[in-house]
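Single-letter residue listing:
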Amino acid sequence: MSMEITNNYSNYAANYTDAALQKKPDGKAATEVKTSKSTNSKDKVQAYYEQLCKKFPQINFNTNGGVLPSNSSRVTVNLSYDCLKKMANDPEFAKEIEWNLSGEVAANSMVYGWAQRDGVVLGGRTVTYDANGNRQSSCGGMRTANTGNGNNNTDKIQKKYKEEEERLLKARKKREEKEKIAEKQAEKKAEEEKAAERRAERKEQMKKLMEGTYKVSAIGTDVKSVTQNIVEVVSGTSSSTGGSFDIKA
C-alpha cells in the first residue's frame, strides 16, 4: 500500500524589501542594495545548513522541495526551506527542531525493526518537517511478506507504527526532562553545600577570634578602607589584599 503525502515543499529565494530612505536611490543602486541583502541572508542560511549536516552526518537533508524516502540504512529528512531559514535566524527554534532531529536515526531503525518483527516489507519511509517545524512520518509501499500487496491489514499496521513512534518520542522527551530536573537539583544541592561550608568556616574563624588573641593588620588609603579591610579579614567574608592576621593562642 502506498501512503500519499499531502505536504508539498518548494524551495524559493528569499524576498527582501529595502528600508525606507530619505533620498530615493536610482534603479541601479536599489538593485545593488537588494542583491547585497539577499546574498548575506542566503550566506547565513547556507552556513547554518552546512553546520546542520556536520552535526547530523547520518541524515540526508532534502531542502529542495518534493519528498524523498528513507530506507533501512539511510535516513532522509525532507526539511522545508522556510523551516531551515527560521532555524538559521532563531536559535531557540533551531534548538527545538534539532532535538527532534537527534532522534530520527533511532526512530527509523526501530520502524524497520518493527516491520521485520511483523513480517512486513516497507517500500520506503518518509519524514517531513513543514515551515513551522511540524514533523510528520509515514511508511510507503507497505505489504506483508507472505500475502503480497493486497493485504487490507496494512492500514492497521501503518497506524500502529505511527502510534508506537509517537509514544517513543514522547517517552524520550519525558525522560530527558526528568534528567534535566535531576541535574538542576544536583547543582542546587552542590551550591547549598558550598554555602554551608563557607558559613562553617566563618563561624570557626569567629570562634577562634573569641578564644584567642589576634594581631590584625590592614592597609588602606583612608580610615574607611582600613576599617573595611579589617572587617573582611576577621569575618572572612572577602579575600582582602590589604589585610592579614596572625593567631597567637
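Here's what I pulled together on the structure shown here.

Overview of helix α2 (residues 81–89)
The periodicity of an α-helix, 3.6 residues per turn, causes residues three or four positions apart to be oriented the same way.
Here's step 1: Considered for burial, the residues of α2 that qualify are Tyr81, Cys83, Leu84, Met87 and Ala88. With its buried residues spanning 155° around the axis, α2 presents them on a single face.
Here's step 2: Residue Ser80 occupies the N-cap position of α2, its side-chain oxygen lying 3.2 Å from the main-chain nitrogen of Asp82.

Focus: the layout of surface pockets
Here's step 1: Taken as a whole, the largest pocket encloses approximately 670 Å³ of empty space.
Here's step 2: Looking at the largest pocket, it is lined by 24 residues, and the ones nearest its centre are Glu96, Ile97, Trp99, Asn100 and Lys173.
Here's step 3: Of all the secondary-structure elements, those providing two or more residues to the lining of the largest pocket are α3 (91–101), β5 (135–140) and α5 (154–211).
Here's step 4: When residues of the lining of the largest pocket are assigned to their parent elements, the largest contribution, nine residues, is made by α5.
Here's step 5: Broken down by class, the residue content of the lining of the largest pocket amounts to four nonpolar, six polar and 14 charged.

Here's the deal with empty space enclosed by the protein
Here's step 1: Following the criterion strictly, the structure yields two cavities of 30 Å³ or more and no others.
Here's step 2: In this structure, the largest cavity spans a volume of roughly 40 Å³.
Here's step 3: Put simply, the parts of the chain that give the lining of the largest cavity at least two residues each are β5 and α5.
Here's step 4: Considering every element that reaches the lining of the largest cavity, the biggest residue donor is α5, with four residues.
Here's step 5: A breakdown of the residues in the lining of the largest cavity according to their chemical character gives three nonpolar, three polar and three charged.

Quick word on the sheet that holds strand β2 (residues 75–79)
Here's step 1: One open sheet holds the four strands; their spatial order is β1-β2-β4-β5, and the pairing between them is mixed. One side of each edge strand has no neighbouring strand; the edge strands of this open sheet are β1 (59–62) and β5. Strand-to-strand, the axes of this sheet are offset by a mean angle of 25°, without reference to chain direction.
Here's step 2: Strands in contact with α3 are β1, β2 and β4 (124–129); relative to β4, the strand with the most contacts, it is inclined by about 170°.

Digging into the nonpolar core
Here's step 1: In terms of nonpolar packing, the biggest core is built from 20 residues, with Leu52, Phe61, Val77, Leu79, Met87 and Leu101 touching the most fellow members.
Here's step 2: Top contributing element to this core by residue count: α2, with five residues.
Here's step 3: Among residues more than four places away in sequence, those in contact with Val77 are Ile59, Asn60, Phe61, Asn62, Leu101, Glu104, Val127 and Tyr129.
Here's step 4: If you look at the next biggest cluster of nonpolar residues, it comprises ten residues, including Trp114, Ala115, Cys139 and Met142.

Here's the deal with helix α4 (residues 104–118)
Here's step 1: Taking 1.5 Å per residue, 15 residues should reach 21 Å; α4 reaches 21 Å between its end C-alpha atoms and fits that length.
Here's step 2: Phi turns positive, to about 70°, at Gly119, one or two residues after α4.

Concerning the pattern of salt bridges
Here's step 1: Overall, the coordinates contain three salt bridges when judged by the stated rule.
Here's step 2: Of the charged contacts in the structure, one is a salt bridge between Lys55 and Glu98, with a shortest N-O distance of 2.6 Å. Pair noted here: Lys55 is in helix α1 (residues 27–55) and Glu98 is in helix α3, with a separation of 43 residues, a long-range link.
Here's step 3: Between Asp118 and Arg117 there is a salt bridge; the shortest N-O distance is 3.0 Å.

Here we look at the pairing of β5
Here's step 1: In the sheet, β4 pairs with β5 via six bridges, with the strands oriented antiparallel. Looking at the pairing, Thr126 lines up with Ser138 of β5.
Here's step 2: The turn joining β4 and β5, which pair antiparallel and follow one another in sequence, is formed by five residues; a positive phi near 85° is taken by Gly133.

As for the packing of aromatic side chains
The geometry of an aromatic ring pair is captured by the separation of the ring centres together with the interplanar angle, meaning the angle of the planes.
Here's step 1: Tallied over the entire structure, the rule returns one aromatic pair.
Here's step 2: Judged by centre distance (6.0 Å) and plane angle (40°), the ring pair of Trp114 and Tyr161 falls under tilted. Note that Trp114 is positioned in helix α4 and Tyr161 in helix α5, a separation of 47 residues in sequence. In terms of burial, Trp114 and Tyr161 fall into one category: buried.
Here's step 3: The ring centre of Phe93 lies 4.4 Å from the NZ or CZ of Lys86, which sits over that ring.

About the cut-offs
- Residues numbered from 1 in each chain as written.
- Predicted model: local features only at pLDDT ≥ 70, side-chain atom pairs only at ≥ 80, totals over all residues.
- Heavy atoms only, no water.
- Buried < 20%, exposed > 50% of the residue type's maximum accessible area, 1.4 Å probe, protein only.
- Helix = DSSP H or I, 4+ residues; strand = E, 2+ residues; numbered from the N terminus.
- Arc of directions from axis to C-beta.
- Polar contact = N/O pair within 3.5 Å; in protein donor to acceptor, adjacent residues only side chain to side chain.
- 1 Å grid on protein atoms, 1.4 Å probe; cavity = no way out; pocket = protein on both sides within 12 Å on 5 of 7 lines; lining within 4 Å.
- Points joined across faces, edges and corners; volume = space filled by probe spheres on them.
- Nonpolar A, V, L, I, M, F, W, Y, C, P; charged D, E, K, R; others polar.
- Pairing = 2+ DSSP bridges.
- Axes fitted to C-alpha atoms, helices over the stretch in contact; angles between N-to-C directions.
- Contact = heavy atoms within 4.5 Å.
- Core = buried A, V, L, I, M, F, W, Y, C linked by side-chain atoms within 4.5 Å.
- Expected span 1.5 Å × (residues − 1).
- Salt bridge = Lys/Arg side-chain N within 4 Å of Asp/Glu carboxyl O.
- Phe/Tyr/Trp six-rings, centres within 6.5 Å; stacked < 30°, edge-to-face > 60°.
- Lys NZ or Arg CZ within 6 Å of the ring centre and 35° of its normal.

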